Amino acid sequence: MSEKIKIIEVKSEIGAGTRGASLGVEAMKIASLDLKSDFFRKQRTIEVEHVNELLFNSVEHVHAKFIDGVLIMEERVCLEVYEQLFDDFFPLVMAGDHSTAFGTIAGIKKMHPRKRLGVIWIDAHADIHSPYT
């Protein structure tokens, strides 16, 4: 396994459906500075382009309010995770929007389609569920 880390910043709010989730990445960076950590200065980062502007559109799907935007974001995250793994980086995905997990896991599976995956979930609560739950 590679020892090179690439931080993938995902400042999306589309899966959360409300404003504020995008602040999670910056909050973690600020907390790290408060602890006198230079982790974020040492690591390379890449930011995935978000579609938060879609939150201002009217809701088209009752149970999956912004599903079209979520799909766009998860495809972008999937591809970025895959590309970093392909380039021999360890992708550290940082996000505040719970739906980012789908793209992250999909990107790992895309890189290793025949391998069985395990997930270590660090979150306030588990968010892997369907639009109906």
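Structural notes, computed from the coordinates. Predicted model only: the values in this text are computed from it and were never measured.

Procedures and definitions
Residues numbered from 1 in each chain as written. Predicted model: local features only at pLDDT ≥ 70, side-chain atom pairs only at ≥ 80, totals over all residues. Heavy atoms only, no water. Pairing = 2+ DSSP bridges. Helix = DSSP H or I, 4+ residues; strand = E, 2+ residues; numbered from the N terminus. Axes fitted to C-alpha atoms, helices over the stretch in contact; angles between N-to-C directions. Phe/Tyr/Trp six-rings, centres within 6.5 Å; stacked < 30°, edge-to-face > 60°. Buried < 20%, exposed > 50% of the residue type's maximum accessible area, 1.4 Å probe, protein only. Lys NZ or Arg CZ within 6 Å of the ring centre and 35° of its normal. Contact = heavy atoms within 4.5 Å. Parallel < 35°, antiparallel > 145°, perpendicular 65-115°, else oblique. Left-handed = near helix turned anticlockwise from the far one by under 90°. Nonpolar A, V, L, I, M, F, W, Y, C, P; charged D, E, K, R; others polar. Expected span 1.5 Å × (residues − 1). Core = buried A, V, L, I, M, F, W, Y, C linked by side-chain atoms within 4.5 Å.

Side note on the sheet that holds strand β1 (residues 5-10)
Here comes step 1: Ordered in space as β2-β1-β3, the 3 strands form an open sheet in which the pairing is parallel. Single-partner strands in this sheet number two, and they are β2 (44-48) and β3 (90-95). In this sheet, neighbouring strand axes are inclined to one another by 25 degrees on average, regardless of whether the strands run parallel or antiparallel.
Here comes step 2: Pairing geometry for β1 and β3, over 6 bridges, is parallel. Each bridged residue has a counterpart across the sheet, and for Ile7 the counterpart in β3 is Leu92.

Structural notes on the packing of aromatic side chains
Here comes step 1: Tallied over the full model, the rule gives 2 aromatic pairs.
Here comes step 2: With a centroid separation of 5.2 Å and an interplanar angle of 85 degrees, the aromatic rings of Phe39 and Phe40 are classed as edge-to-face.
Here comes step 3: Assessed through its relative accessible area of 28%, Phe39 is described here as partly exposed.
Here comes step 4: Over the face of the ring belonging to Phe89 we find Lys4, whose NZ or CZ atom lies 4.4 Å from the ring centre.
Here comes step 5: Positioned above the aromatic ring of Phe89 is the side chain of Lys6, whose terminal nitrogen or guanidinium carbon lies 4.4 Å from the ring centre.

Quick notes on the environment of Pro91
Here comes step 1: Locating Pro91 in the fold gives a position in strand β3.
Here comes step 2: Pro91 gets classed as buried once you look at its relative accessible area, which sits at 13%.
Here comes step 3: Not counting residues up to four positions away in its chain, the partners in contact with Pro91 are Lys6, Ile8, Val81, Gln84 and Leu85.

Looking at the packing of helix α3 (residues 67-86) against helix α4 (residues 100-111)
Here comes step 1: Viewed as axis vectors pointing N to C, α3 and α4 meet at an angle of 40 degrees, and their least axial separation amounts to 7 Å. With respect to α4, the axis of α3 lies oblique. Crossing handedness for the pair α3 and α4: right-handed. Contacts from Glu74, Val77, Cys78, Val81, Tyr82, Leu85 and Phe86 of α3 reach α4 at Thr100, Phe102, Gly103, Thr104, Ala106, Gly107, Ile108, Lys110 and Met111.
Here comes step 2: The residue makeup of the contact of α3 with α4, split by class, is 10 nonpolar, 4 polar and 2 charged.

A look at α3
Along an α-helix, residues three or four positions apart point the same way, because every turn accommodates 3.6 residues.
Here comes step 1: For α3, spanning 20 residues, the distance from its first C-alpha to its last is 28 Å, which sits close to the expected 28 Å at 1.5 Å a residue.
Here comes step 2: Regarding α3, the residues found buried are Gly69, Val70, Met73, Glu74, Val77, Cys78, Glu80, Val81, Gln84 and Leu85.
Here comes step 3: Contacts made by the buried residues of α3 are with β1, β2, β3 and α4.
Here comes step 4: Count one or two residues on from α3 and you reach Asp88, which has phi positive near 70 degrees.

Observations regarding the side chain of Ser32
Here comes step 1: Position of Ser32 relative to the elements: it lies in helix α1 (residues 23-34).
Here comes step 2: Judged by its relative accessible area of 10%, Ser32 falls in the buried class.

What about the nonpolar core?
Here comes step 1: Counting 12 residues, the largest nonpolar core consists of Ile8, Val10, Ile14, Val48, Val51, Leu55, Phe66, Val70, Met73, Val77, Val81 and Leu85.
Here comes step 2: For this core, the elements supplying multiple residues, two or more each, are β1 and α3.
Here comes step 3: A total of 5 residues in this core trace back to one element, the largest contributor, which is α3.
Here comes step 4: Leaving out residues up to four positions away in the same chain, Val48 has contacts with Ile8, Glu9, Val10, Met73, Arg76, Val77 and Glu80.

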